[in-house]
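Per-entry structural report
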Amino acid sequence: MSSLSMNHKAQIPELYVVRALAIIGVLLVHVSSVPVGIIADKSSIMFMFFNFLNIFNRYGTTTFIFLSAFVLFYRYYEKPISGKLLMSFYKRRLLYIGIPYVIFSILYYVIQMYYSYGETWHQFVQAASVIGFLKMLALGKSFYHLYFVFINIQFYLLFPLLLLLLQYKRNLTKHLIWIGFLLQWAFIIYNYYSLNYADKGQLAISYTSNYFLGAYFGIYYSSLMEWLVVTRKKLMSLKAVFWVLLGSVWLLASFADVYMFYWARKNGTIFNPLLYELVWNLHTITAGLVLLQLANLIYRKLSPPLVNIMLQLGIASFGIYIIHAGILFYYYRISVSYSPLIYSVYVAAAFVVTFALSWIIVSFIQKQSRLAWMLFGAAPKISPYIEWKSTNIAKRTKLSLPVSKQG
């Protein structure tokens, strides 16, 4: 999408910074999940630290969900729906989301079956099943992290219908936030008391508060950002009160989430499942908005080279998300003698190696191969300039700002 095009809205570069922050959160959660399960002394400072990383950073995937709806409604809400638009929409999702999902589902299925059945190809061939794979593919279960792509595919299938409804009933857009919470919590309560579906986290309806909040921001972006963007001029305004309330709810919910999981893992203290749902929902909903605030500050206040790094990380975030689990899987197969210091270094290195190697692989393939879209989605175009505001002067700096071809 070109910011110079008369047919498209101007891009929002800060969203690439949000993606960068979100993928860091995802990696921290996945890297810390292994030590949380391995450390025997649940009273140790080390366990408390890894538990904190594992739970506090659970905002990553839900932030990507929020951004998915945000971007789609920002781009499409004012466009009339036509057969051509629908064909283009579904074609791009099939090519840039569906194909990478299928390819990596196959790859992770092979890895999972190979290491689950004796680590020999003969046993793998005996255990592997086309029907078994297709079931995993259909449920987003080929590997633990692919559920995110799976639930987004569900949202993409429903998006045109939701878009058409909101274009026809425009007054509904003002109520999207509470409708999203209502739908999500109606399903959560129904599932808890009646349905008892174990894999509700694989269903898009479990995230309607995130999706609908994203849709609301996509439609009303300009006016809403007036409330989120932090500036000195607003410090004595009602907007600053909103910042304090938002930050307070986010911190309280985040630490409550950490606290409840810590006691559950340490002593087996189990709270009501609906309380876990409520705290996690508040934690992730507010985190998405806080990250949007933080991304705006980073974009406006950090030096151009640092902003450029964050933009580049945002470009590669989908590829990093889809590939990092395999790298982390193989890293944790490296044995290490256990001692608090050595193991802490080992886990820290897991983050560094997984993060760096994932980013290097994705960036290299995107730059070197025209078929990179089959693995990591559409390769971005490059916009030559962004407006950069320093503390004293306004200047233009060349940064590699992407323009997505996914439409």
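Residues numbered from 1 in each chain as written. Predicted model: local features only at pLDDT ≥ 70, side-chain atom pairs only at ≥ 80, totals over all residues. Heavy atoms only, no water.

Two quantities define a packed helix pair, namely the angle between the helix axes and the distance between the axes. As a packed pair, helix 4 (residues 83-116) and helix 6 (residues 130-139) sit with axes 10 Å apart at the nearest point and diverge in direction by 125°. Put simply, helix 4 runs oblique to helix 6. Handedness of the helix 4/helix 6 crossing: right-handed. For the pair helix 4 and helix 6, the contacting residues are Y101, V102, S105, I106, Y109 and Q112 in the first and G132, F133, M136 and L137 in the second. Each residue belonging to the contact of helix 4 with helix 6 can be placed in one class, and the counts come to seven nonpolar, three polar and no charged. (Axes fitted to C-alpha atoms, helices over the stretch in contact; angles between N-to-C directions. Helix = DSSP H or I, 4+ residues; strand = E, 2+ residues; numbered from the N terminus. Parallel < 35°, antiparallel > 145°, perpendicular 65-115°, else oblique. Left-handed = near helix turned anticlockwise from the far one by under 90°. Contact = heavy atoms within 4.5 Å. Nonpolar A, V, L, I, M, F, W, Y, C, P; charged D, E, K, R; others polar.)

Checked against the element boundaries, K174 lands in the loop between helix 7 (147-168) and helix 8 (176-195). The exposure class of K174 is exposed, given its relative accessible area of 56%. C-alpha separation for the pair K174 and I219, spaced 45 residues apart in sequence, amounts to 9.5 Å. Sequence-distant contacts of K174, defined by excluding residues within four places in its chain, comprise Y216 and Y220. (Buried < 20%, exposed > 50% of the residue type's maximum accessible area, 1.4 Å probe, protein only.)

Considering the arrangement of structural elements, one finds I23 in helix 1 (residues 14-38). Relative accessible area serves as the criterion here: at 1%, I23 is assigned to the buried category. Each C-alpha atom of the pair I23 and G314 lies 8.1 Å from the other, and the pair is 291 residues apart in sequence. Apart from residues lying up to four places away in sequence, I23 is in contact with F64, L313, S317, I320 and Y321.

Spanning 17 residues, helix 3 (residues 60-76) covers 24 Å between terminal C-alpha atoms, matching the ideal 24 Å at 1.5 Å per step. Judged by how many residues are buried, helix 3 sits mostly within the fold: 17 of 17 residues are covered. (Expected span 1.5 Å × (residues − 1).)

What follows covers unusual backbone geometry. Positive phi, close to 60°, is recorded for N196, a residue that is not glycine. Mapped onto the elements, N196 comes out in the loop between helix 8 and helix 9 (208-219).

Attention now goes to helix 7. Taking 1.5 Å of rise per residue, the 22 residues of helix 7 would be expected to cover 32 Å, and the 32 Å separating its terminal C-alpha atoms lies within 8% of that figure. Of all the bends found along helix 7, the most pronounced is centred on L158 and spans about 45°, while P160, a proline, follows it within four residues. (Bend = angle between axes of the 7 residues up to and from the residue.)

Here we come to the pattern of salt bridges. Under the defined criterion, the tally for this structure stands at five salt bridges. Across the salt bridge formed by K141 and D199, the nearest N and O atoms sit 2.4 Å from each other. Pair noted here: K141 is in the loop between helix 6 and helix 7 and D199 is in the loop between helix 8 and helix 9, with a separation of 58 residues, a long-range link. For E226, the salt bridge is made with K234, and the minimal N-O distance between the two is 4.0 Å. For K234, a relative accessible area of 14% corresponds to the buried category. (Salt bridge = Lys/Arg side-chain N within 4 Å of Asp/Glu carboxyl O.)

Here we come to the packing of aromatic side chains. Considering all chains together, one arrives at 48 aromatic pairs under this definition. Each ring, one from F143 and one from Y144, has its centre 5.1 Å from the other, and the planes form 35°; the classification is tilted. Classification of Y144 by relative accessible area gives partly exposed; the value is 43%. Three or more aromatic residues joined by ring pairs form one cluster here, namely F104, Y108, Y114, Y115, F143, Y144, F329, Y330 and F376. The ring centre of Y16 lies 5.1 Å from the NZ or CZ of R19, which sits over that ring. Note that R93 overlies the ring of Y156, its terminal NZ or CZ placed 5.6 Å from the centroid. (Phe/Tyr/Trp six-rings, centres within 6.5 Å; stacked < 30°, edge-to-face > 60°. Lys NZ or Arg CZ within 6 Å of the ring centre and 35° of its normal.)

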